Amino acid sequence: MRVMIVVPGPASVELGKEIANQMGAQVIPVEFKRFPDGESYIRLDGSVTGEDAVIVQTTGPPQNENLVQLLLTADAAKDMGTRSITVVVPYFAYARQDSRFRPGEALSVKTIVTMLKTCGVNRIITVNSHNPAMLKALPIPVEDLSAITLLARYFKKKGFDKSYSLSMGKKGLPTAVEASQVLEGKHGFIPTQRDRITGNVTIEKKPLPVKDRDIIIFDDIISSGGTMMKAVVWVKEQGAKRVYAACVHALLIGDSKERILKSGADGIVATNTIPSSVSAVSVAPLIVEALRK
Ligand code: R5P
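Quantities reported herein were computed from a predicted structural model and do not represent experimental measurements. (Residues numbered from 1 in each chain as written. Predicted model: local features only at pLDDT ≥ 70, side-chain atom pairs only at ≥ 80, totals over all residues. Heavy atoms only, no water.)

Draft legend 1. Representation of the overall build of the protein. Each helix and strand in the protein was counted, giving eight helices and 16 strands. Computed over C-alpha atoms, the radius of gyration of the protein comes to 20 Å, within 12% of the 19 Å expected from 2.2 N^0.38 for 293 residues, which places it in the range of a compact globule. If one aligns the C-alpha atoms of the protein with their principal axes, the spans along those axes are about 60 × 45 × 35 Å. Within the protein, buried positions represent 52% of all 293 residues. A separation threshold of at least 6 residues defines the contact pool for the protein, and within that pool the share at least 24 residues apart is 64%. Counting only carbon and sulfur atoms, one obtains 52% of the accessible surface of the protein, whose full area is about 13,600 Å². (Helix = DSSP H or I, 4+ residues; strand = E, 2+ residues; numbered from the N terminus. Rg over C-alpha atoms; globule rule 2.2 N^0.38 Å. Buried < 20%, exposed > 50% of the residue type's maximum accessible area, 1.4 Å probe, protein only. Contact = heavy atoms within 4.5 Å. Areas by Shrake-Rupley, 256 points an atom, 1.4 Å probe, with all protein chains shown as cover.)

Draft legend 2. Representation of the site of the ligand within the structure. What surrounds the ligand is the set Arg96, His130, Arg194, Asp219, Asp220, Ile221, Ile222, Ser223, Ser224, Gly225, Gly226 and Thr227. With the chains in place, 85% of the 380 Å² that the ligand exposes on its own is no longer accessible. Residue assignment for the shell around the ligand shows that the elements contributing at least two residues are strand E13 (215–222) and helix H6 (226–237). It is E13 that provides the largest number of residues to the shell around the ligand, a total of four residues. Counted by class, the shell around the ligand contains two nonpolar, six polar and four charged residues. (Near = heavy atom within 4 Å. Nonpolar A, V, L, I, M, F, W, Y, C, P; charged D, E, K, R; others polar.)

Draft legend 3. Representation of the packing of aromatic side chains in the model. In this structure the tally under the stated criterion is six aromatic pairs. Summarising the aromatic geometry, the rings of phenylalanine 155 and phenylalanine 218 are spaced 6.3 Å apart at their centres and angled 80° between planes, so their arrangement reads as edge-to-face. One end of the pair, phenylalanine 155, is in helix H4 (residues 148–157); the other, phenylalanine 218, is in strand E13, and 63 residues separate them in sequence. With relative accessibility at 1%, the residue phenylalanine 218 sits in the buried group. Ring centres 5.0 Å apart and planes at 70° place the aromatic pair phenylalanine 160 and tyrosine 244 in the edge-to-face group. Of this pair, phenylalanine 160 sits in the loop between H4 and strand E9 (164–168) while tyrosine 244 sits in strand E14 (residues 243–250), placing them 84 residues apart in sequence. (Phe/Tyr/Trp six-rings, centres within 6.5 Å; stacked < 30°, edge-to-face > 60°.)

Draft legend 4. How the structure looks around the domain arrangement of the protein. Domains assigned within the protein are domain 1 (4–146 + 282–292) and domain 2 (148–272). Between the C-alpha centres of domain 1 and domain 2 there is a distance of 28 Å. Taken together, the contact pairs 16 residues of domain 1 with 15 residues of domain 2. Taken together, the two surfaces of domain 1 and domain 2 that pack against each other cover about 1,400 Å², and 58% of this comes from carbon and sulfur. Run the count over domain 1 and domain 2 and you get zero salt bridges. The class makeup of the residues in the side of domain 1 that touches domain 2 is eight nonpolar, five polar and three charged. (Domains from an automatic or database assignment. Buried area = accessible area lost by both parts, 1.4 Å probe. Salt bridge = Lys/Arg side-chain N within 4 Å of Asp/Glu carboxyl O.)

Draft legend 5. Molecular detail of the packing of helix H1 (residues 13–23) against helix H8 (residues 284–292). Orientation of H1 relative to H8, taken along the N-to-C sense of each, is 55°, at an axis distance of 9 Å. If you check the angle between H1 and H8, you find them oblique. Seen along the crossing, H1 lies across H8 with a hand that is right-handed. In this structure, H1 contributes Leu15, Glu18, Ile19, Gln22 and Met23 to the contact, and H8 contributes Ala284, Pro285, Ile287, Val288, Leu291 and Arg292. Of the residues in the contact of H1 with H8, the class split is eight nonpolar, one polar and two charged. (Axes fitted to C-alpha atoms, helices over the stretch in contact; angles between N-to-C directions. Parallel < 35°, antiparallel > 145°, perpendicular 65-115°, else oblique. Left-handed = near helix turned anticlockwise from the far one by under 90°.)

Put into structure tokens, the structure is as follows:
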């Protein structure tokens, strides 16, 4: 296999270095500045000419700034004559706007991928994107990895085997199935509905066999925390024992972490696709495996 070089973007310095370490790849650091008016400055501190470059940059908050940094890094790498550019975007901003839910809406995820293509990107790797089916319709190949097994293994190591894996919405059921294959307990889902205008999610209070069981609620994203809080309260009301909130992408806007814990959750566990105080599971091995293929 040809050796790749890894360029950790400003939003994913730690993860980028971890990936490079595990691959034994050279790191090209990125010099980053923010001008007084808020604009971003990017400089690649090393040669990428003729190389297969892997740029690692998550696009969690501040999404727009992180996206511009990613575009600037990719375009600079292209101008310096890279052989190929793979971008690893652990959390893909705007991926939830993946359809024209109402006439006239921007198809945000398609716009972002089109811009990445213009900047010379050949391949995108992401983790638990909101709608994997939609990725097939994008202008460059997007590989979507699942970190659910890694999260479930974390819980298993902590002694939560045989606990109940619960996911949000019927579409999320494969998540609960994936987790239960590791935890070897039962699985199910809480039916949900999203308001197309406000984006708020409501849950349907369908009875679940959670009484006296340890429950792990898996979701791809915790943003405002509203969905997770409602789920925690509902399973607690039905007599669940310990309840943990697990997500891949911990956006954790405002005081959502505190509010989820107050609603009765015994803990929150996330990956490091967006570095946060609850990031306990690294997605580096998953990404390295995909890069090595
Ligand atoms: C919904 O489709 C997603 O899977 C998450 O459940 C949702 O994005 C979480 O959002 P919030 O934390 O704001 O309720």
